[in-house]
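Chain by chain, the residues:
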Amino acid sequence: SVSQAENSGCRGEWIRSPPPPPQLSVLSGCAIIVRGQPRGGPPPERQINLSNIRAGALARRAAQGQPDSKDTPDEPWAFQAREFLRKKLIGKEVCFTVEYKNMHREYGMVYLGKDTTGENIAESLVSEGLATVRREGFRGNNPEQARLCDLEDQSKASKKGLWSEGGGAQTIRNIKYTIENPRNFVDSLHQKPINAIIEHVRDGSVVRALLLPDYYLVTVMLSGIKCPTFKREGDGTETPEPFAAEARFFTESRLLQRDVQIILESCPNQIILGTILHPNGNITELLLKEGFARCVDWSMAVYTQGAEKLRAAERSAKERKVRIWKDYVAPTANLDQKDRQFVAKVMQVVNADAMVVKLNSGEYKTIHLSSIRPPRNEGENKDKDKRFRPLYDIPYMFEAREFLRKKLIGKKVNVTVDYIRAATGPGEGTPAFPERTCATVTIGGINIAEALVSKGLATVIRYRQDDDQRSSHYDELLAAEARAIKNGKGLHSKKEVPIHRVADISGETQKAKQFLPFLQRAGRSEAVVEYVFSGSRLKLYMPKETCLITFLLAGIECPRSSRNTPGGVQVAEPFSDEAMLFTKELVLQREVEVEVESMDKAGNFIGWLHIEGVNLSVALVENALSKVHFTAERSAYYKTLVAAEEGCRQRKEKVWANYEEKPVEEVVHLSEEKERVANYKPVYVTEITDTLHFYAQDVETGSQLENLMETMRAEIAAQPPVEGSYSPRRGDYCIAKFADGEWYRARVEKVESPAKVHVFYIDYGNREVVSSTRLAPIPPAFSTRTLPVQATEYTFAFIQVPQDEDARADVVDCVVRDIQNSQCLLNVEYSGATCPHVTIQFGDTKDDVGLGLVKEGLVMVDVRKEKHLQKMVTEYLNSQESAKSARLNIWRYGDFRADDADEFGYSR
């Protein structure tokens, strides 16, 4: 029978077009394997042995697992015979005739070309002295056999090949099957191309190659990719993964027994990684492009021919859904093109791996940088009493945030969404995460994530090989991380980690008081806006002073946002959200200058904030989002503020929408008519302080408090809190066990140590220093939202308390004796710096308690100027004169104030 087989790749570049399907390989100097036309998969193989001749046997390695077996070397001229055939046949068209079959072997003649008129391969071998003729089997007068004998005689006469002098010892290869130190061997080649012959293809991406000229037989895995493989089962059989056989045939048909060059690129864990170079193309890229392989991150880094080409080839196969990607769905397949790629303005940097951007539509969107992880806290928080602040307490988090803030805030960036990370529920030790949009963000052609990683301010997330949800520039991120590690940058540095000792003096009145003169003298100070609470209330970071302060804008009255108060949720005023958004867009995370003028009683600084020449107070008024406050009259910006306000008021914009001018006369008339209002309400006095302030409960809500306490104590008795499990923090509401053994609602005022916690009993007004073991979290059902704080602080109106300690103690004792733990009547007369000033009457006699103290000469009168209070002030002054005349208590030595006012701290 006559058949033909042709090896692939002989016509043009096989990287551009599929090769001609038939294929052959050379087993030895007298045996070849041919394959027919592939139909629906790799074609079957057929071995043809050349009849009438014999070539030398090639070297064989000792059988693995059999200690007695030894390596068998080449017979003389065997390798030269194999090479003669390989070079003559591989890539050429041949035809063959089968003469006879012996057991499972077929013997015949092979001709170069399309028919038997071509060169007879057996004759060529014999004439070159590379094979001997099997004369013992000749019968009769066979012209072909006779010609072989003649050619052999001529070869002998010419002393060619086997018939040359010396026996051919020089033709025996010294094959090295193992390399003692593969890594050193690979490194010694310095990634220079080395000549080789591909001897065997194990799967699409793993080959056995003979390195020339030293005859190292090595297994090489293609760098950067992996093809489906053949899994070896327990019984020795192999099970191919989908497309494993096709991938192997794809590589075999292009590379088997070809002369190639190999760049040996790396050797991790004794595995040699390399790239095979062939004049017709790069098999690594082609396997990816045809969907026979996928990219592999761990070996991609060593690929020397450009990792981006491999990713592009894989992307092409995915888009066409070929072979292993037939069921592929892109991570952003459900997104419109406009949602996949867009330009946006960065408004805020969150931690060090995310940002809030403003789209052209005005919508805000949070974007996470793909495939990177911000700095993390490795150890436990050592100082349990100290509040953990990730931005300052996690090493390099502040540097990473600052890098992004300085580079991006207020700038337009290009966003390419790589994947949407689905929301996850809380697991063991892991928090819940909402859905995340992960993207590559670039500005001026710079990939921000790559820049962050290269500075050692973030690390690259490692993925499972089949996890496609990753950055579209993942290889650049890995390369940037490798550079950062090599150069010891940031997180990879061996130096001491930077520590940021940032004092938060928001709400710390004492610290704020000490700091105020310093800021006032400084004039304009640099600051960074860290947070916007409302249109006019901000948290600032002062870089020179390394502290955080709460800053209120001076000179304006801005609509208040909704907030929780002891009395419940305070509803937001109109345009409060617009004012907050305006301030956020203008100053959040920007570098600004502030002028501090004063501070309020809560430790918040008040002043003016400037950004790029714009005064934020003026800007809010100009945009009709604030009104001018009377306190602005003293400032240099008053005229600008009033002019800006006037325009908005006339146009009735925003906060002025419902404005109606009122006649001036009406205001004057009202102020003249104002009189003292006597609206006494019943209260229960629970606590008197050393400064003569007192706390009282409203009698009307007394029953609610009793019910709440009863229910709360019953619940605590049923489920007692675990002693010592509560970790108190300043400002926390909690429950505390009083000396009577009962639990009461309280607020933590100061934590000196776990054994010394200062608490204030919010429903009674008394204070105590307790151990944290006597504290527990307040059950939600009994919080201040259910029932507001019941003890309200008051002080006496029209009264000045003596500075002398003994005199003051006499007054406090008298008041404690008279009204503590008793029901009285209370009327608010005027407001004070810390609490309302009131007059209080005994519940039974209705006598004025404060007036009684004046009559007894225990206190002095505080003279108020308000017209509507003059009647009361006169009554108090007359009583003081009577006490003076009778030389009672503080007046027993006469009017001491005239000469000694300054010395004793009294003022008239």
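Model, not experiment: these values are computed from the prediction.

Q: Would you mind going over the overall build of the protein in detail, with residue names and values included?
A: Helix and strand counts for the protein stand at 23 helices and 50 strands. Its C-alpha atoms give the protein principal-axis dimensions of roughly 165 × 65 × 45 Å. Expressed as a percentage of its 908 residues, the buried residues of the protein come to 46%. When contacts within the protein are restricted to residue pairs at least 6 apart in sequence, long-range pairs at least 24 apart make up 62% of them. Surface exposure of the protein reaches about 47900 Å², of which carbon and sulfur atoms provide 49%. A gap of 8 Å separates the mean positions of the 123 positive and 127 negative side-chain charges of the protein.

Q: Describe the packing of aromatic side chains, with residues and values.
A: Throughout the structure, instances matching the rule amount to 22 aromatic pairs. Linked through ring pairs, Phe 738, Tyr 744, Tyr 761 and Tyr 764 together constitute an aromatic cluster. Sitting over the ring of Tyr 744, Arg 713 keeps its end group 4.6 Å from the ring centre.

Q: For helix H8 (residues 307–320), give the residues involved together with the corresponding values.
A: If you check H8, its first and last C-alpha atoms are 20 Å apart, about what 14 residues at 1.5 Å a residue would give, namely 20 Å. All of the buried residues in H8 are Ala 307, Leu 310, Arg 311, Ala 313, Glu 314, Ser 316, Ala 317 and Lys 318. Elements that come into contact with the buried residues of H8 comprise strand S13 (225–226), helix H6 (283–289), strand S19 (294–295), helix H7 (297–300) and helix H13 (474–486). Looking at the residues trailing H8, positive phi occurs at Lys 321, about 55°.

Q: Could you give an account of the nonpolar core, naming the residues involved and the relevant values?
A: Ranked by size, the top nonpolar core spans 48 residues in total, and within it Met 355, Ile 367, Leu 369, Ile 372, Leu 408, Val 441 and Leu 452 carry the most contacts. The element contributing the most residues to this core is helix H11 (residues 397–408), with six residues. Beyond its immediate sequence surroundings of up to four residues, Ile 372 is in contact with Asp 353, Ala 449, Leu 452, Val 453, Ala 458, Thr 459, Ile 461 and Leu 477. Listed in part, the 39 residues of the second largest apolar core include Ala 512, Leu 516, Val 621 and Leu 641.

Q: Tell me about the UniProt feature "domain: TNase-like" (unreviewed entry) in the protein, and name the residues and values.
A: According to UniProt, the positions carrying the feature "domain: TNase-like" (unreviewed entry) are residues 26–165, 192–327, 340–494 and 523–658. Across residues 192–327, the secondary structure splits into 27% helix and 37% strand, with the terminal C-alpha atoms separated by 39 Å.

Q: Describe the sheet that holds strand S48 (residues 822–830), naming the residues involved and giving the relevant values.
A: One closed barrel holds the five strands; their spatial order is S39-S40-S46-S49-S48, and the pairing between them is mixed. The sheet shows a mean angle of 60° between the axes of neighbouring strands, taken without regard to direction. Here two bridges tie strand S46 (residues 792–796) to strand S49 (residues 837–842), and the two strands are oriented parallel to one another. The residue of S49 that forms the bridge with Thr 795 is His 837.

Q: Let's hear about the sheet that holds strand S42 (residues 743–753): which residues, and what values?
A: Taking strand neighbours across the sheet as the criterion, the five strands line up as S44-S43-S42-S41-S45 in an open arrangement whose pairing is antiparallel. The outermost strands of the open sheet, each flanked by one partner alone, are strand S44 (767–770) and strand S45 (775–777). Across this sheet, the average inter-strand angle for adjacent strands is 45°, counted without regard to direction. Relative to S45, strand S41 (residues 733–737) runs antiparallel, the two sharing three bridges. Following the sheet pairing, Ile 735 is matched in S45 by Ala 776. In the packing of helix H19 (residues 702–718) onto the sheet, the strands contacted are S41 and S42, and the crossing angle to S42 comes to about 70°.

Q: Give a detailed account of the UniProt feature "domain: Tudor" (unreviewed entry) in the protein, specifying residues and quantitative values.
A: Feature annotation in UniProt assigns "domain: Tudor" (unreviewed entry) to the following positions: residues 727–785. Across residues 727–785, helical content stands at 0% and strand content at 49%; the span's end C-alpha atoms are separated by 22 Å.

Q: Account for the pairing of strand S16 (residues 259–266), naming residues and giving values.
A: The buried count for S16 comes to six of eight residues, which makes it a mostly enclosed element. Summarising the sheet, strand S10 (residues 194–203) and S16 pair through four bridges and their orientation is antiparallel. Counted as the bridge partner of Ala 196 is Val 260 from S16. Bridge analysis of S16 against strand S17 (residues 272–278) gives five bridges, and the strand direction is antiparallel. Opposite Ser 266, over in S17, you have Leu 273 as the bridge partner. Linking two consecutive strands that pair antiparallel, namely S16 and S17, is a turn of five residues; a positive phi of about 50° is found at Asn 269 within it.

Q: So what's going on with H11? Which residues, and what values?
A: The first and last C-alpha atoms of H11 sit 16 Å apart over 12 residues, in line with the 16 Å expected at 1.5 Å per residue. Most of H11 sits inside the fold, with nine of its 12 residues counted as buried. Among all positions in H11, only Met 397, Phe 398, Ala 400, Arg 401, Glu 402, Phe 403, Leu 404, Arg 405 and Leu 408 are buried. Once H11 ends, the next one or two residues include Gly 410, with phi positive near 80°.

Q: Quick rundown of a negative patch on the surface? Include the residues and the values.
A: Taken together, the side chains of Asp 804, Glu 805, Asp 806, Asp 810 and Asp 813 make up a negatively charged region of the molecular surface. Its location among the elements puts Asp 806 in helix H20 (residues 805–819). Residue class for Asp 806 comes out exposed when judged on its relative accessible area of 59%.

Q: How would you summarise the side chain of Ser 635 if you had to cite specific residues and measurements?
A: In this fold, Ser 635 is placed in the loop between strand S38 (627–628) and helix H17 (638–651). Of the residues examined, Ser 635 reaches a relative accessible area of 14% and is grouped as buried. Apart from residues no more than four positions distant in its own chain, Ser 635 is found in contact with Glu 597 and Trp 608.

Q: Describe in detail the environment of Ser 536, supporting the description with residues and values.
A: Relative to the helices and strands, Ser 536 resides in the loop between strand S29 (524–534) and strand S30 (537–542). On the basis of relative accessible area, Ser 536 is assigned to the buried category, the value being 15%. Taking the C-alpha atoms as reference, Ser 536 lies 53 Å from Val 296; in sequence the two are 240 residues apart.

Q: Quick one: what's the story with the environment of Thr 773, residue by residue and with numbers?
A: Tracing the sequence through the fold places Thr 773 in the loop between S44 and S45. Sequence separation between Thr 773 and Pro 721 is 52 residues, and the spatial gap between their C-alpha atoms is 9.8 Å. If near-sequence neighbours (up to four positions away) are discounted, Thr 773 is found in contact with Glu 723 and Gly 724. Within the structure, the side chain of Thr 773 is placed 2.9 Å from the side chain of Ser 771, a separation counted as a polar contact.

Conventions used here
Residues numbered from 1 in each chain as written. Predicted model: local features only at pLDDT ≥ 70, side-chain atom pairs only at ≥ 80, totals over all residues. Heavy atoms only, no water. Helix = DSSP H or I, 4+ residues; strand = E, 2+ residues; numbered from the N terminus. Buried < 20%, exposed > 50% of the residue type's maximum accessible area, 1.4 Å probe, protein only. Contact = heavy atoms within 4.5 Å. Areas by Shrake-Rupley, 256 points an atom, 1.4 Å probe, with all protein chains shown as cover. Lys, Arg positive; Asp, Glu negative; His and termini not counted. Charge placed at Lys NZ, Arg CZ, Asp CG, Glu CD. Phe/Tyr/Trp six-rings, centres within 6.5 Å; stacked < 30°, edge-to-face > 60°. Lys NZ or Arg CZ within 6 Å of the ring centre and 35° of its normal. Expected span 1.5 Å × (residues − 1). Core = buried A, V, L, I, M, F, W, Y, C linked by side-chain atoms within 4.5 Å. UniProt positions renumbered as here; feature names shortened; annotations may be inferred. Pairing = 2+ DSSP bridges. Axes fitted to C-alpha atoms, helices over the stretch in contact; angles between N-to-C directions. Patch = residues over 30% accessible without salt bridge, like charges linked within 9 Å, V, L, I, M, F, W, Y side chains within 5 Å. Salt bridge = Lys/Arg side-chain N within 4 Å of Asp/Glu carboxyl O. Polar contact = N/O pair within 3.5 Å; in protein donor to acceptor, adjacent residues only side chain to side chain.

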